[in-house]
Amino acid sequence: MRRLTSVFGGAAEPPKGGNPDSNTLISDTTTVICLDDYHSLDRTGRKEKGVTALDPRANDFDLMYEQVKAIKDGISVQKPIYNHVTGLLDPPELIKPPKILVIEGLHPMYDSRVRDLLDFSIYLDISNEVKFAWKIQRDMAERGHSLESIKASIEARKPDFEAYIDPQKQYADAVIEVLPTQLIPDDNEGKILRVRLIQKEGVKYFSPVYLFDEGSTISWIPCGRKLTCSYPGIKFFYGPESYKGNEVSVVEMDGQFDRLDELIYVESHLSNLSSKFYGEVTQQMLKHADFPGSNNGTGLFQTIVGLKIRDLFEQIVASRAETPVGATKA
Amino acid sequence: MALEPEQLSNKVEESIKSAQETCDDDPVSGECVAAWDEVEELSAAASHARDRKKESDPLEDYGKDNPETDVCRTYDN
(Lines give C-alpha, C1' and ligand atoms only; values in the text may rest on other atoms or scores of the structure.)
Protein backbone atom coordinates (compact mmCIF):
# COMPACT_ATOMS: atom_id res chain seq x y z
CA MET A 1 0.00 0.00 0.00
CA ARG A 2 2.86 2.37 0.75
CA ARG A 3 4.25 1.95 -2.76
CA LEU A 4 0.88 2.72 -4.36
CA THR A 5 0.16 5.77 -2.21
CA SER A 6 3.69 7.04 -2.77
CA VAL A 7 3.18 6.99 -6.55
CA PHE A 8 -0.13 8.87 -6.20
CA GLY A 9 1.53 11.52 -4.08
CA GLY A 10 2.32 12.14 -0.44
CA ALA A 11 3.00 9.73 2.38
CA ALA A 12 -0.12 7.98 3.68
CA GLU A 13 -0.42 8.12 7.45
CA PRO A 14 -3.04 7.25 10.07
CA PRO A 15 -5.44 10.14 10.75
CA LYS A 16 -3.98 12.45 13.40
CA GLY A 17 -5.75 12.97 16.68
CA GLY A 18 -8.18 10.11 16.20
CA ASN A 19 -8.32 6.53 17.38
CA PRO A 20 -4.67 5.37 17.57
CA ASP A 21 -5.78 1.92 16.45
CA SER A 22 -7.46 3.18 13.28
CA ASN A 23 -6.58 1.15 10.17
CA THR A 24 -7.14 4.10 7.86
CA LEU A 25 -4.31 5.81 5.95
CA ILE A 26 -4.61 9.32 4.55
CA SER A 27 -2.30 11.26 2.22
CA ASP A 28 -2.77 14.42 0.13
CA THR A 29 -4.38 12.48 -2.70
CA THR A 30 -5.43 9.16 -1.27
CA THR A 31 -7.43 7.56 1.52
CA VAL A 32 -6.93 3.85 2.20
CA ILE A 33 -9.73 2.04 4.02
CA CYS A 34 -9.24 -1.39 5.55
CA LEU A 35 -12.33 -3.50 4.92
CA ASP A 36 -12.03 -5.20 8.32
CA ASP A 37 -13.81 -2.05 9.50
CA TYR A 38 -16.95 -3.62 8.00
CA HIS A 39 -16.83 -6.71 10.22
CA SER A 40 -20.35 -7.33 11.52
CA LEU A 41 -18.98 -9.68 14.16
CA ASP A 42 -16.12 -8.73 16.43
CA ARG A 43 -13.58 -11.27 17.66
CA THR A 44 -15.83 -12.51 20.47
CA GLY A 45 -18.83 -12.66 18.17
CA ARG A 46 -16.91 -14.73 15.63
CA LYS A 47 -15.68 -17.07 18.36
CA GLU A 48 -19.24 -17.58 19.61
CA LYS A 49 -20.61 -18.29 16.15
CA GLY A 50 -17.59 -20.42 15.21
CA VAL A 51 -16.90 -18.28 12.13
CA THR A 52 -13.64 -16.87 10.71
CA ALA A 53 -13.08 -13.30 9.50
CA LEU A 54 -12.86 -14.77 6.00
CA ASP A 55 -16.50 -15.88 6.16
CA PRO A 56 -18.96 -13.46 4.53
CA ARG A 57 -21.22 -13.93 7.55
CA ALA A 58 -18.71 -11.93 9.61
CA ASN A 59 -18.94 -8.89 7.29
CA ASP A 60 -21.59 -6.25 6.63
CA PHE A 61 -21.60 -5.93 2.84
CA ASP A 62 -24.66 -3.67 2.85
CA LEU A 63 -22.81 -1.08 4.91
CA MET A 64 -19.64 -1.55 2.86
CA TYR A 65 -21.56 -0.88 -0.37
CA GLU A 66 -23.51 2.04 1.12
CA GLN A 67 -20.40 3.82 2.41
CA VAL A 68 -18.10 3.18 -0.57
CA LYS A 69 -20.88 4.44 -2.85
CA ALA A 70 -21.38 7.54 -0.69
CA ILE A 71 -17.68 8.39 -0.69
CA LYS A 72 -17.57 7.87 -4.45
CA ASP A 73 -20.55 10.25 -4.74
CA GLY A 74 -18.64 12.88 -2.76
CA ILE A 75 -20.40 12.38 0.58
CA SER A 76 -18.48 12.00 3.87
CA VAL A 77 -19.29 9.00 6.03
CA GLN A 78 -18.88 7.91 9.63
CA LYS A 79 -17.06 4.63 9.12
CA PRO A 80 -16.76 2.01 11.89
CA ILE A 81 -13.32 1.08 13.16
CA TYR A 82 -12.38 -2.54 13.73
CA ASN A 83 -9.65 -2.55 16.37
CA HIS A 84 -7.21 -5.36 15.54
CA VAL A 85 -5.56 -5.14 18.94
CA THR A 86 -8.68 -5.49 21.11
CA GLY A 87 -10.79 -7.33 18.54
CA LEU A 88 -13.66 -4.88 19.17
CA LEU A 89 -15.61 -2.51 16.96
CA ASP A 90 -14.70 1.03 18.07
CA PRO A 91 -16.71 4.24 17.58
CA PRO A 92 -16.68 5.45 13.96
CA GLU A 93 -14.32 7.96 12.37
CA LEU A 94 -15.16 10.56 9.73
CA ILE A 95 -14.01 9.75 6.21
CA LYS A 96 -14.09 12.64 3.74
CA PRO A 97 -14.09 11.83 0.00
CA PRO A 98 -10.49 11.85 -1.33
CA LYS A 99 -9.26 12.12 -4.93
CA ILE A 100 -8.36 8.43 -4.88
CA LEU A 101 -10.11 5.96 -2.60
CA VAL A 102 -8.44 2.62 -2.00
CA ILE A 103 -10.29 -0.18 -0.23
CA GLU A 104 -8.15 -3.10 0.84
CA GLY A 105 -8.90 -6.31 2.66
CA LEU A 106 -10.30 -9.78 2.39
CA HIS A 107 -13.46 -9.08 0.35
CA PRO A 108 -13.11 -6.04 -1.93
CA MET A 109 -14.53 -7.97 -4.90
CA TYR A 110 -16.83 -10.41 -3.12
CA ASP A 111 -20.04 -8.39 -3.27
CA SER A 112 -21.09 -7.56 -6.84
CA ARG A 113 -22.45 -4.13 -5.87
CA VAL A 114 -19.10 -3.12 -4.37
CA ARG A 115 -17.26 -4.69 -7.29
CA ASP A 116 -19.19 -2.53 -9.77
CA LEU A 117 -18.05 0.62 -7.95
CA LEU A 118 -14.38 -0.18 -8.49
CA ASP A 119 -12.53 1.60 -11.31
CA PHE A 120 -9.64 -0.83 -10.91
CA SER A 121 -9.01 -3.91 -8.83
CA ILE A 122 -5.93 -5.85 -7.81
CA TYR A 123 -5.57 -9.31 -6.30
CA LEU A 124 -2.34 -10.31 -4.57
CA ASP A 125 -2.08 -14.07 -5.04
CA ILE A 126 0.57 -15.64 -2.82
CA SER A 127 1.21 -19.31 -3.58
CA ASN A 128 1.04 -21.82 -0.75
CA GLU A 129 4.78 -22.40 -0.54
CA VAL A 130 5.60 -18.69 -0.44
CA LYS A 131 2.79 -17.98 2.05
CA PHE A 132 4.13 -20.69 4.37
CA ALA A 133 7.69 -19.32 4.08
CA TRP A 134 6.54 -15.75 4.77
CA LYS A 135 4.43 -16.76 7.75
CA ILE A 136 7.37 -18.70 9.18
CA GLN A 137 9.55 -15.61 8.80
CA ARG A 138 6.87 -13.48 10.44
CA ASP A 139 5.90 -15.78 13.32
CA MET A 140 8.99 -17.76 14.33
CA ALA A 141 10.06 -14.73 16.38
CA GLU A 142 6.89 -15.11 18.47
CA ARG A 143 7.57 -17.25 21.52
CA GLY A 144 4.19 -18.95 21.39
CA HIS A 145 4.61 -20.14 17.82
CA SER A 146 6.20 -23.26 16.39
CA LEU A 147 6.28 -24.74 12.89
CA GLU A 148 3.25 -26.84 13.90
CA SER A 149 1.12 -23.92 15.10
CA ILE A 150 1.98 -21.87 12.00
CA LYS A 151 0.99 -24.81 9.80
CA ALA A 152 -2.18 -25.51 11.83
CA SER A 153 -3.34 -21.91 11.50
CA ILE A 154 -2.85 -21.93 7.71
CA GLU A 155 -4.58 -25.30 7.30
CA ALA A 156 -7.56 -24.38 9.49
CA ARG A 157 -8.22 -21.22 7.49
CA LYS A 158 -7.71 -22.84 4.08
CA PRO A 159 -11.32 -24.02 3.45
CA ASP A 160 -12.73 -20.52 4.05
CA PHE A 161 -9.88 -18.95 2.08
CA GLU A 162 -10.58 -21.19 -0.91
CA ALA A 163 -14.36 -20.75 -0.68
CA TYR A 164 -14.57 -16.97 -0.21
CA ILE A 165 -11.27 -15.20 -0.90
CA ASP A 166 -9.51 -17.00 -3.73
CA PRO A 167 -12.48 -16.90 -6.17
CA GLN A 168 -12.21 -13.09 -6.26
CA LYS A 169 -9.17 -13.52 -8.52
CA GLN A 170 -11.35 -13.89 -11.60
CA TYR A 171 -12.74 -10.36 -11.15
CA ALA A 172 -9.41 -8.58 -10.68
CA ASP A 173 -8.07 -6.31 -13.42
CA ALA A 174 -4.54 -7.12 -12.29
CA VAL A 175 -3.34 -10.16 -10.37
CA ILE A 176 0.14 -10.20 -8.88
CA GLU A 177 1.00 -13.86 -8.46
CA VAL A 178 3.97 -14.73 -6.21
CA LEU A 179 5.56 -18.13 -6.73
CA PRO A 180 8.81 -19.87 -5.83
CA THR A 181 11.64 -19.39 -8.30
CA GLN A 182 12.24 -21.75 -11.22
CA LEU A 183 15.86 -20.59 -11.53
CA ILE A 184 17.24 -22.77 -8.76
CA PRO A 185 16.62 -26.52 -8.96
CA ASP A 186 15.45 -27.98 -5.64
CA ASP A 187 15.45 -24.56 -4.00
CA ASN A 188 14.31 -24.77 -0.40
CA GLU A 189 15.47 -21.37 0.80
CA GLY A 190 12.49 -19.63 -0.75
CA LYS A 191 14.34 -16.33 -0.96
CA ILE A 192 14.20 -15.85 -4.75
CA LEU A 193 10.71 -15.23 -6.13
CA ARG A 194 8.99 -15.65 -9.46
CA VAL A 195 6.35 -12.94 -9.80
CA ARG A 196 3.68 -12.73 -12.51
CA LEU A 197 1.75 -9.57 -13.34
CA ILE A 198 -1.48 -10.87 -14.90
CA GLN A 199 -3.23 -7.98 -16.68
CA LYS A 200 -6.79 -8.21 -17.94
CA GLU A 201 -7.36 -7.10 -21.51
CA GLY A 202 -10.16 -4.71 -22.43
CA VAL A 203 -10.31 -2.80 -19.16
CA LYS A 204 -11.28 0.85 -19.66
CA TYR A 205 -8.35 3.29 -19.30
CA PHE A 206 -5.92 0.40 -18.67
CA SER A 207 -3.29 -0.46 -21.27
CA PRO A 208 -1.24 -3.45 -20.09
CA VAL A 209 2.52 -3.24 -19.72
CA TYR A 210 4.41 -5.26 -22.32
CA LEU A 211 7.90 -6.35 -23.39
CA PHE A 212 9.22 -5.49 -26.87
CA ASP A 213 6.23 -6.45 -29.02
CA GLU A 214 2.65 -6.20 -27.77
CA GLY A 215 0.64 -9.40 -28.09
CA SER A 216 3.63 -11.58 -28.91
CA THR A 217 5.39 -14.06 -26.65
CA ILE A 218 8.85 -13.15 -25.37
CA SER A 219 11.40 -14.89 -23.20
CA TRP A 220 14.11 -12.51 -22.09
CA ILE A 221 17.27 -12.88 -20.04
CA PRO A 222 18.68 -9.37 -19.64
CA CYS A 223 21.98 -10.63 -18.19
CA GLY A 224 24.71 -11.11 -20.79
CA ARG A 225 27.23 -8.97 -22.55
CA LYS A 226 25.75 -5.59 -21.65
CA LEU A 227 24.59 -6.47 -18.15
CA THR A 228 26.34 -8.67 -15.61
CA CYS A 229 24.12 -10.31 -13.00
CA SER A 230 25.05 -12.53 -10.09
CA TYR A 231 23.56 -16.02 -9.56
CA PRO A 232 20.78 -17.02 -10.20
CA GLY A 233 20.26 -14.08 -12.57
CA ILE A 234 17.01 -12.63 -13.88
CA LYS A 235 14.54 -14.08 -16.36
CA PHE A 236 11.57 -12.30 -17.93
CA PHE A 237 8.59 -13.63 -19.80
CA TYR A 238 5.80 -11.80 -21.59
CA GLY A 239 2.84 -13.21 -23.44
CA PRO A 240 -0.92 -13.47 -23.93
CA GLU A 241 -2.76 -16.07 -21.88
CA SER A 242 -6.19 -17.10 -20.78
CA TYR A 243 -6.83 -16.74 -17.05
CA LYS A 244 -10.07 -17.69 -15.27
CA GLY A 245 -11.94 -17.27 -18.53
CA ASN A 246 -10.43 -13.85 -19.29
CA GLU A 247 -7.98 -12.72 -21.97
CA VAL A 248 -4.87 -11.50 -20.16
CA SER A 249 -1.33 -10.32 -20.85
CA VAL A 250 1.30 -11.58 -18.45
CA VAL A 251 4.65 -10.01 -17.61
CA GLU A 252 6.74 -12.27 -15.42
CA MET A 253 10.00 -11.70 -13.54
CA ASP A 254 11.97 -14.50 -11.91
CA GLY A 255 15.04 -13.54 -9.90
CA GLN A 256 16.48 -10.59 -8.08
CA PHE A 257 17.91 -7.15 -8.77
CA ASP A 258 21.34 -6.75 -7.18
CA ARG A 259 22.26 -3.38 -8.59
CA LEU A 260 20.70 -0.14 -9.69
CA ASP A 261 21.83 -0.54 -13.30
CA GLU A 262 19.96 -3.85 -13.60
CA LEU A 263 16.76 -2.09 -12.60
CA ILE A 264 17.13 0.82 -15.02
CA TYR A 265 18.13 -1.58 -17.80
CA VAL A 266 14.95 -3.61 -17.28
CA GLU A 267 12.80 -0.48 -17.04
CA SER A 268 14.17 0.84 -20.33
CA HIS A 269 12.97 -2.29 -22.12
CA LEU A 270 9.41 -2.33 -20.74
CA SER A 271 6.64 -0.51 -22.62
CA ASN A 272 3.34 1.09 -21.64
CA LEU A 273 4.58 1.80 -18.11
CA SER A 274 2.66 5.09 -17.91
CA SER A 275 5.69 6.63 -16.25
CA LYS A 276 6.01 10.42 -16.45
CA PHE A 277 9.74 10.33 -17.12
CA TYR A 278 12.44 7.85 -17.99
CA GLY A 279 13.60 6.07 -14.86
CA GLU A 280 10.51 6.84 -12.76
CA VAL A 281 10.02 3.17 -11.86
CA THR A 282 13.66 2.88 -10.78
CA GLN A 283 13.39 6.11 -8.82
CA GLN A 284 10.30 4.88 -6.98
CA MET A 285 11.99 1.54 -6.21
CA LEU A 286 15.06 3.36 -4.84
CA LYS A 287 12.92 5.74 -2.81
CA HIS A 288 11.57 2.75 -0.94
CA ALA A 289 14.61 0.49 -1.03
CA ASP A 290 13.94 -0.51 2.57
CA PHE A 291 10.46 -1.87 1.81
CA PRO A 292 10.15 -5.63 1.32
CA GLY A 293 10.33 -6.80 -2.28
CA SER A 294 12.52 -3.93 -3.43
CA ASN A 295 14.86 -6.25 -5.24
CA ASN A 296 12.30 -8.49 -6.96
CA GLY A 297 9.12 -8.63 -8.98
CA THR A 298 6.82 -7.92 -6.03
CA GLY A 299 8.21 -4.40 -5.56
CA LEU A 300 8.61 -3.86 -9.31
CA PHE A 301 5.05 -4.85 -10.24
CA GLN A 302 3.44 -3.07 -7.30
CA THR A 303 5.26 0.10 -8.39
CA ILE A 304 4.19 -0.40 -12.01
CA VAL A 305 0.57 -1.03 -10.97
CA GLY A 306 0.77 2.24 -9.03
CA LEU A 307 1.77 4.09 -12.21
CA LYS A 308 -1.03 2.40 -14.19
CA ILE A 309 -3.62 3.42 -11.58
CA ARG A 310 -2.33 6.98 -11.54
CA ASP A 311 -2.70 7.06 -15.31
CA LEU A 312 -6.21 5.57 -15.07
CA PHE A 313 -7.17 8.19 -12.47
CA GLU A 314 -5.93 11.04 -14.68
CA GLN A 315 -7.86 9.67 -17.67
CA ILE A 316 -11.06 9.44 -15.61
CA VAL A 317 -10.62 13.02 -14.36
CA ALA A 318 -9.98 14.23 -17.91
CA SER A 319 -13.06 12.45 -19.24
CA ARG A 320 -15.23 13.97 -16.50
CA ALA A 321 -13.96 17.45 -17.37
CA GLU A 322 -15.00 16.95 -20.99
CA THR A 323 -18.52 15.75 -20.22
CA PRO A 324 -19.71 17.46 -17.06
CA VAL A 325 -22.49 15.63 -15.27
CA GLY A 326 -25.21 17.71 -13.76
CA ALA A 327 -28.17 19.96 -14.39
CA THR A 328 -28.21 21.93 -17.61
CA LYS A 329 -28.85 25.62 -17.49
CA ALA A 330 -31.92 26.88 -19.23
CA MET B 1 -2.23 3.78 22.96
CA ALA B 2 -1.67 0.57 21.06
CA LEU B 3 -0.53 -2.46 23.03
CA GLU B 4 3.19 -2.97 23.39
CA PRO B 5 4.67 -5.85 21.37
CA GLU B 6 5.23 -7.71 24.65
CA GLN B 7 1.55 -7.66 25.61
CA LEU B 8 0.55 -8.75 22.11
CA SER B 9 3.07 -11.60 22.31
CA ASN B 10 1.31 -12.79 25.45
CA LYS B 11 -2.01 -12.67 23.63
CA VAL B 12 -0.56 -14.64 20.71
CA GLU B 13 0.79 -17.29 23.06
CA GLU B 14 -2.55 -17.59 24.88
CA SER B 15 -4.51 -17.79 21.65
CA ILE B 16 -2.32 -20.64 20.39
CA LYS B 17 -2.84 -22.63 23.57
CA SER B 18 -6.56 -21.95 23.39
CA ALA B 19 -6.72 -23.04 19.73
CA GLN B 20 -4.89 -26.27 20.50
CA GLU B 21 -7.26 -27.06 23.36
CA THR B 22 -10.40 -26.17 21.37
CA CYS B 23 -9.28 -28.34 18.46
CA ASP B 24 -8.41 -31.26 20.74
CA ASP B 25 -12.08 -31.32 21.75
CA ASP B 26 -13.42 -31.15 18.19
CA PRO B 27 -10.98 -30.77 15.29
CA VAL B 28 -13.65 -30.10 12.63
CA SER B 29 -15.75 -27.59 14.54
CA GLY B 30 -16.28 -23.96 13.59
CA GLU B 31 -14.90 -23.13 17.05
CA CYS B 32 -11.59 -24.81 16.20
CA VAL B 33 -11.29 -22.95 12.88
CA ALA B 34 -12.30 -19.64 14.47
CA ALA B 35 -9.67 -20.19 17.19
CA TRP B 36 -6.86 -20.53 14.62
CA ASP B 37 -8.22 -17.49 12.79
CA GLU B 38 -7.82 -15.54 16.02
CA VAL B 39 -4.20 -16.76 16.21
CA GLU B 40 -3.61 -15.41 12.69
CA GLU B 41 -5.20 -12.06 13.53
CA LEU B 42 -3.11 -11.65 16.68
CA SER B 43 0.08 -12.83 14.96
CA ALA B 44 -0.41 -10.20 12.27
CA ALA B 45 -1.08 -7.51 14.90
CA ALA B 46 2.04 -8.55 16.82
CA SER B 47 4.13 -8.37 13.66
CA HIS B 48 2.80 -4.87 12.85
CA ALA B 49 3.55 -3.72 16.40
CA ARG B 50 7.14 -4.97 16.04
CA ASP B 51 7.48 -3.13 12.72
CA ARG B 52 6.06 0.10 14.14
CA LYS B 53 8.50 -0.08 17.03
CA LYS B 54 11.42 -0.54 14.61
CA GLU B 55 10.26 2.37 12.46
CA SER B 56 9.87 4.93 15.23
CA ASP B 57 13.02 6.81 15.96
CA PRO B 58 12.58 9.22 18.91
CA LEU B 59 14.82 11.83 17.28
CA GLU B 60 12.83 11.67 14.01
CA ASP B 61 9.57 12.12 15.91
CA TYR B 62 10.95 15.04 17.94
CA GLY B 63 12.40 16.64 14.83
CA LYS B 64 9.07 16.43 12.99
CA ASP B 65 7.42 18.48 15.70
CA ASN B 66 10.35 20.79 16.42
CA PRO B 67 12.21 21.37 13.15
CA GLU B 68 13.81 24.64 14.34
CA THR B 69 15.78 23.07 17.20
CA ASP B 70 19.53 22.59 16.70
CA VAL B 71 19.35 18.79 16.77
CA CYS B 72 16.67 18.75 14.07
CA ARG B 73 17.79 21.41 11.62
CA THR B 74 18.42 20.24 8.08
CA TYR B 75 20.30 22.14 5.41
CA ASP B 76 19.12 21.80 1.84
CA ASN B 77 21.88 23.65 -0.05
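This one's a predicted model, so the numbers in the text were calculated from it and none came from an experiment.

## Observations regarding the pattern of salt bridges
Residue and element names in this part refer to chain A.
Part 1: Counted under the stated rule, the structure contains 29 salt bridges over all chains.
Part 2: With a shortest N-O distance of 2.9 Å, R113 and D111 are connected by a salt bridge.
Part 3: What makes D111 buried here is its relative accessible area of 12%.
Part 4: In this structure, K158 and E155 form a salt bridge, with 3.6 Å as the shortest nitrogen-oxygen distance. One end of the pair, K158, and the other, E155, are both in helix α6 (residues 147-165), three residues apart, so they sit about a helical turn from each other.
Part 5: The class of K158 is partly exposed, set by a relative accessible area of 23%.
Part 6: On the basis of relative accessibility, which here comes to 46%, the residue E155 falls in the partly exposed class.
Part 7: Look at the salt bridges and you will find they share partners, linking E177, R194, R196, E241 and E252 into a network.

## Some thoughts on the sheet that holds strand β12 (residues 246-255) of chain A
All names here are of chain A.
Part 1: Here six strands make up an open sheet; going across it, the order is β6-β7-β8-β12-β11-β10 and the pairing mixed. Looking at strand neighbours, the two that pair on one side only are β6 (122-126) and β10 (218-220), the edges of this open sheet. Direction aside, the axes of adjacent strands within the sheet are offset by 15° on average.
Part 2: Looking at chain direction, strand β7 (residues 174-180) and strand β8 (residues 193-200) are connected through seven bridges and run antiparallel. Paired with A174 across the bridge in β8 is Q199.
Part 3: Its contacts with the sheet put helix α9 (residues 297-322) on β6, β7, β8, β11 (234-243) and β12, and the angle it makes with β8 is roughly 20°.

## Regarding the domain arrangement of chain A
Residues and elements named next belong to chain A.
Part 1: For chain A, the assigned domains read domain 1 (1-108) and domain 2 (122-319).
Part 2: Taken over C-alpha atoms, the centre of domain 1 sits 25 Å from the centre of domain 2.
Part 3: Contact residues are listed per partner, giving 15 residues for domain 1 and 24 residues for domain 2.
Part 4: Carbon and sulfur atoms make up 64% of the surface buried where domain 1 meets domain 2, a total of about 1,700 Å² over both sides.
Part 5: Three residues stand out in domain 1 for area buried against domain 2, namely R3, V7 and L54, and they jointly supply 44% of the buried area on that side.
Part 6: Run the count over domain 1 and domain 2 and you get seven residue pairs in polar contact (both at pLDDT 80 or more).
Part 7: Here the side of domain 1 that touches domain 2 is composed, by residue class, of eight nonpolar, three polar and four charged.

## Examining the packing of helix α5 (residues 128-139) of chain A against α6(A)
All names here are of chain A.
Part 1: Between α5 and α6, whose axes approach to 10 Å, the crossing angle comes to 135°. If you check the angle between α5 and α6, you find them oblique. Here α5 and α6 pass one another in a crossing that is right-handed. Each of N128, K131, F132, K135, I136 and D139 in α5 lies in contact with α6, whose residues at this interface are L147, I150, K151, I154, R157, K158 and F161.
Part 2: A breakdown of the residues in the contact of α5 with α6 according to their chemical character gives six nonpolar, one polar and six charged.

Rules used in this analysis
- Residues numbered from 1 in each chain as written.
- Chains lettered and ligands numbered in written order.
- Predicted model: local features only at pLDDT ≥ 70, side-chain atom pairs only at ≥ 80, totals over all residues.
- Heavy atoms only, no water.
- Salt bridge = Lys/Arg side-chain N within 4 Å of Asp/Glu carboxyl O.
- Buried < 20%, exposed > 50% of the residue type's maximum accessible area, 1.4 Å probe, protein only.
- Helix = DSSP H or I, 4+ residues; strand = E, 2+ residues; numbered from the N terminus.
- Pairing = 2+ DSSP bridges.
- Axes fitted to C-alpha atoms, helices over the stretch in contact; angles between N-to-C directions.
- Contact = heavy atoms within 4.5 Å.
- Domains from an automatic or database assignment.
- Buried area = accessible area lost by both parts, 1.4 Å probe.
- Polar contact = N/O pair within 3.5 Å; in protein donor to acceptor, adjacent residues only side chain to side chain.
- Nonpolar A, V, L, I, M, F, W, Y, C, P; charged D, E, K, R; others polar.
- Parallel < 35°, antiparallel > 145°, perpendicular 65-115°, else oblique.
- Left-handed = near helix turned anticlockwise from the far one by under 90°.

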